[in-house]
Each structure stands twice: as C-alpha cells, then as structure tokens.
Amino acid sequence: MGSFEDKNVLVTGASTGIGRAIARHFGRQGANVAINYYSNREEAEETKQQVLETCKQIEECGRKAVLVQADVSKEEDVDRLFKETLSGIGGLDILINNAGMQIEGASHEIDIEDFDQMLAVNLRGAFLCARQAIRHFLKHKISGVIINNSSVHQEIPRPGYLGYTVSKGGMENMTRTLALEYARDQIRINAIGPGATATPINDWATDEEARSKVANFIPMGRVGTPEEMAIAAAFLASDDAAYITGQTLFIDGGLTLYPSFRDDVT
Ligand code: NAI
C-alpha cells in the first residue's frame with residue numbers, strides 16, 4: 001500500500017459510517033484530510049462530536065484536518081467546500097465522493113421529491129464535487145484521483161429503492177465516462193462498490209436479528225465493516241493502482257456472485 005504522506009484528501013459525508021472510516025484511514029497513512037459533513041440542526045450536534053473525534057484521531061497523527069459543512073447537492077455549497085478545503089489543508093490530490101442517502105418506498109408510491117433528493121445527493125453531488133476536483137487537477141497539472149462510493153446496487157436491482165439504485169447505476173457510468181475523458185490528463189477515476197455494511201444508513205445495523213438475517217444472505221456469512229471499505233478506497237487512490245481507471249471494485253463478501261445460485265435447486 002502506497003503512503004499518503006503529504007497528500008491532500010477531501011472526503012464528503014465523512015462524519016459517519018464509511019466516510020468517517022475513510023477519513024481516519026487516510027489520516028493514519030499520513031494525509032491531510034478535509035472532512036465534509038452535512039446535517040440538520042439536531043443531527044449537527046451529534047455529527048460534531050463524531051467529526052471532532054475523527055479530527056482528534058487525525059491530529060494525533062500530526063496532520064492537518066479541517067471540517068467543512070456543506071450540502072453536496074448544492075452548487076454554491078460545493079464551490080465553498082472546495083475553497084475551504086484548499087485554504088484549510090493547502091491543496092487537493094484525492095477526492096472521495098462518499099456522501100449518500102436512501103429513502104425506501106414502493107416505486108409507484110414514492111414522492112417525486114424523495115426520488116429527486118436521492119439523485120441530487122448521490123449523483124448530482126458526486127458530479128459537482130468531481131467537476132471542481134477535475135478543474136483543480138487540470139489547472140495545477142495534478143495527477144489527481146477521484147474515488148466514488150457506489151454500491152453493489154449499481155449492479156443489483158433493489159425493489160423499493162428505485163432512486164437509490166438509479167443514482168448508483170448513474171454513478172457507474174459517471175465513473176467510466178470521466179475516467180475515459182480525463183485519462184490523458186493522468187487523472188484516475190474509480191469506484192468502490194460496498195456490499196451490506198454496518199453503518200447508520202441501514203436500519204438493520206443496530207438490530208441484531210435483522211443484521212444476522214442480512215449476514216445469512218451474504219455468501220461469506222457476515223456484513224462488511226466501514227474499515228474494509230476504507231482499505232479498498234485507499235488502495236484505488238494509491239500509486240499501487242496507478243494503471244487502474246474507470247473500474248468499480250466490489251467489496252461485498254460475494255454478494256454480486258448471485259447468492260441464490262449457491263445451492264443446487266434442481
Ligand atoms: P451514513 O449514513 O453513515 O453516511 C452517509 C453520509 O452522507 C452521512 O455522513 C450523511 O450526513 C452524508 N450526507 C447525506 N446527505 C448529504 C448531503 N446532502 N451533503 C453532504 N453529505 C451528506 O452511511 P454509509 O453507509 O457510511 O454511506 C456512505 C456511502 O456508502 C453512501 O454513498 C452509501 O450509498 C454507500 N454505501 C453504503 C452501503 C452500506 O451498506 N452501508 C452499501 C453500499 C454503498
């Protein structure tokens with residue numbers, strides 16, 4: 001694994017779950033980290049503690065860390081996010097598009113606002129951040145890296161989560177298209193595709209019974225950890241992956257291997 005000594009990294013949605021693990025992982029590998037977070041007023045208090053904990057861990061490594069509140073779905077917020085990131089940690093080499101959300105609902109009943117919101121945060125937000133990062137990389141001739149946090153659901157249809165699966169399917173094409181468009185500029189764009197991971201986005205994460213049901217469905221018999229996702233993201237961002245672009249690395253305990261075909265049913 002390459003070292004991230006003196007690399008500048010921005011992680012969106014980094015106050016919880018996988019984003020937090022990614023920010024912590026990069027910090028431990030020597031990177032300066034900009035931690036983006038977004039929440040409503042009540043959630044912000046909770047988020048703040050988690051963000052400060054994350055920041056404390058990074059500072060213990062003797063690195064720079066800044067917190068930047070921003071809604072990644074809003075263009076003006078993203079513009080400010082990048083300004084504050086650049087002034088806060090002094091540059092940008094790696095963008096991790098991690099922020100995401102999901103709203104469950106039967107497709108014939110879901111509110112259009114909910115559908116739009118999933119696309120706005122998961123896909124538009126990732127694009128707005130990628131656009132800013134690429135502008136910065138081109139301007140300063142940086143061989144930058146973008147890692148999109150997609151999902152197994154960029155491949156696997158998930159009834160009841162239409163907006164989410166559409167956003168992640170779009171993310172796959174965004175990853176591939178941007179990778180091709182900027183390959184000659186030595187800018188690499190890849191994605192991680194987590195399987196079921198115990199984080200706040202999933203109701204089952206704190207419900208023991210539901211969690212073991214989910215684990216049972218996974219070929220390897222357990223859910224993933226945020227740290228396992230962070231290690232994969234860091235690999236794709238590292239020089240060890242210098243010849244990899246436009247790919248999605250699934251970290252899913254075998255979930256994309258058609259688990260229902262594991263047993264012979266004939
Ligand atoms: P999480 O709920 O802990 O993290 C999502 C983060 O995105 C939160 O910190 C939230 O505040 C932030 N966020 C939401 N809306 C935002 C906005 N408008 N602007 C900025 N930040 C915003 O859940 P988790 O699992 O850590 O999710 C991180 C990413 O991983 C998401 O993109 C999710 O789709 C993806 N993922 C998660 C899986 C899982 O099983 N946990 C599986 C596959 C993908």
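Residues numbered from 1 in each chain as written. Predicted model: local features only at pLDDT ≥ 70, side-chain atom pairs only at ≥ 80, totals over all residues. Heavy atoms only, no water.

## Brief notes about the overall build of the protein
Thought 1: Helix and strand counts for the protein come out as seven helices and seven strands.
Thought 2: Each helix (α) and strand (β) of the protein, taken in turn from the N terminus, gives the series β-α-β-α-β-α-β-α-β-α-β-α-α-β.
Thought 3: Relative to the globule expectation of 18 Å for 266 residues, the C-alpha radius of gyration of the protein, 18 Å, shows essentially globular dimensions.
Thought 4: In terms of overall dimensions, the protein has C-alpha extents of about 60 × 45 × 35 Å along its principal axes.
Thought 5: When the 266 residues of the protein are sorted by exposure, 51% land in the buried category.
Thought 6: Carbon and sulfur atoms provide 50% of the accessible area of the protein, an area that totals close to 13600 Å².
Thought 7: Distance from the positive charge centre (26 side chains) to the negative charge centre (37 side chains) of the protein: 7 Å. (Helix = DSSP H or I, 4+ residues; strand = E, 2+ residues; numbered from the N terminus. Rg over C-alpha atoms; globule rule 2.2 N^0.38 Å. Buried < 20%, exposed > 50% of the residue type's maximum accessible area, 1.4 Å probe, protein only. Areas by Shrake-Rupley, 256 points an atom, 1.4 Å probe, with all protein chains shown as cover. Lys, Arg positive; Asp, Glu negative; His and termini not counted. Charge placed at Lys NZ, Arg CZ, Asp CG, Glu CD.)

## A word on the site of the ligand
Thought 1: Every one of the 27 residues lining the ligand counts as a neighbour, but T16, I18, N98, Y164 and T199 are closest to it.
Thought 2: One of the backbone nitrogen or oxygen atoms of Y38 is found 3.0 Å away from an oxygen atom of the ligand.
Thought 3: Alone, the ligand offers 820 Å² of accessible surface; in the complex the protein occludes 92% of this.
Thought 4: Mapped onto the shell around the ligand, the elements with two or more residues apiece are helix 1 (17–28) and helix 5 (162–181).
Thought 5: Residue composition of the shell around the ligand, by class: eleven nonpolar, 14 polar and two charged. (Near = heavy atom within 4 Å. Polar contact = N/O pair within 3.5 Å; in protein donor to acceptor, adjacent residues only side chain to side chain. Nonpolar A, V, L, I, M, F, W, Y, C, P; charged D, E, K, R; others polar.)

## Side note on the packing of helix 3 (residues 75–89) against helix 4 (residues 112–139)
Thought 1: Two elements in contact, helix 3 and helix 4, have axes whose closest approach is 9 Å; the angle formed by their N-to-C orientations is 40°. Considering their axes alone, helix 3 and helix 4 lie oblique with respect to each other. Considering the relative orientation of helix 3 and helix 4, their crossing is right-handed. Residues E75, V78, D79, L81, F82 and L86 of helix 3 lie in contact with helix 4, whose contacting residues are L128, C129, R131, Q132, A133 and H136. (Axes fitted to C-alpha atoms, helices over the stretch in contact; angles between N-to-C directions. Parallel < 35°, antiparallel > 145°, perpendicular 65-115°, else oblique. Left-handed = near helix turned anticlockwise from the far one by under 90°. Contact = heavy atoms within 4.5 Å.)

## Digging into the pairing of strand 2 (residues 32–37)
Thought 1: Among the six residues in strand 2, six count as buried, and that is most of the element.
Thought 2: A two-sided burial pattern is seen for strand 2, the buried positions comprising N32, A34 and N36 on one face and V33, I35 and Y37 on the other.
Thought 3: As paired strands, strand 1 (residues 8–11) and strand 2 are joined by four bridges and run parallel to one another. Across the sheet, the residue bridging to L10 is A34, located in strand 2.
Thought 4: Bridging between strand 2 and strand 3 (residues 65–69) involves five bridges; their strand directions are parallel. Bridge pairing in strand 3 places Y37 opposite Q69. (Pairing = 2+ DSSP bridges.)

## Some thoughts on unusual backbone geometry
Thought 1: Residue K141 is not a glycine yet carries a positive backbone phi of 50°.
Thought 2: Residue placement: K141 occurs in the loop between helix 4 and strand 5 (145–149).
Thought 3: Residue classification places K141 among the exposed positions, given a relative accessible area of 76%.
Thought 4: For Y258, which is not glycine, the phi torsion reads 55° and is therefore positive.
Thought 5: If you trace the backbone, Y258 turns up in the segment after strand 7 (248–251).

## Here we look at the pairing of strand 6 (residues 188–194)
Thought 1: Most of strand 6 is tucked away, with seven of its seven residues classed as buried.
Thought 2: The two faces of strand 6 match: R188, N190, I192 and P194 on one face and I189, A191 and G193 on the other face are all buried.
Thought 3: Where strand 5 and strand 6 come together, five bridges link them in parallel fashion. Looking at the pairing, I146 lines up with I189 of strand 6.

## Some words on the environment of H136
Thought 1: The residue H136 is located in helix 4 in this model.
Thought 2: The buried category is assigned to H136, whose relative accessible area is 13%.
Thought 3: When the C-alpha atoms of H136 and R176 are compared, they prove to be 20 Å apart, with 40 residues separating the residues in sequence.
Thought 4: If we ignore the near neighbours within four places in the chain, the residues touching H136 are L86, G91, L92 and I142.

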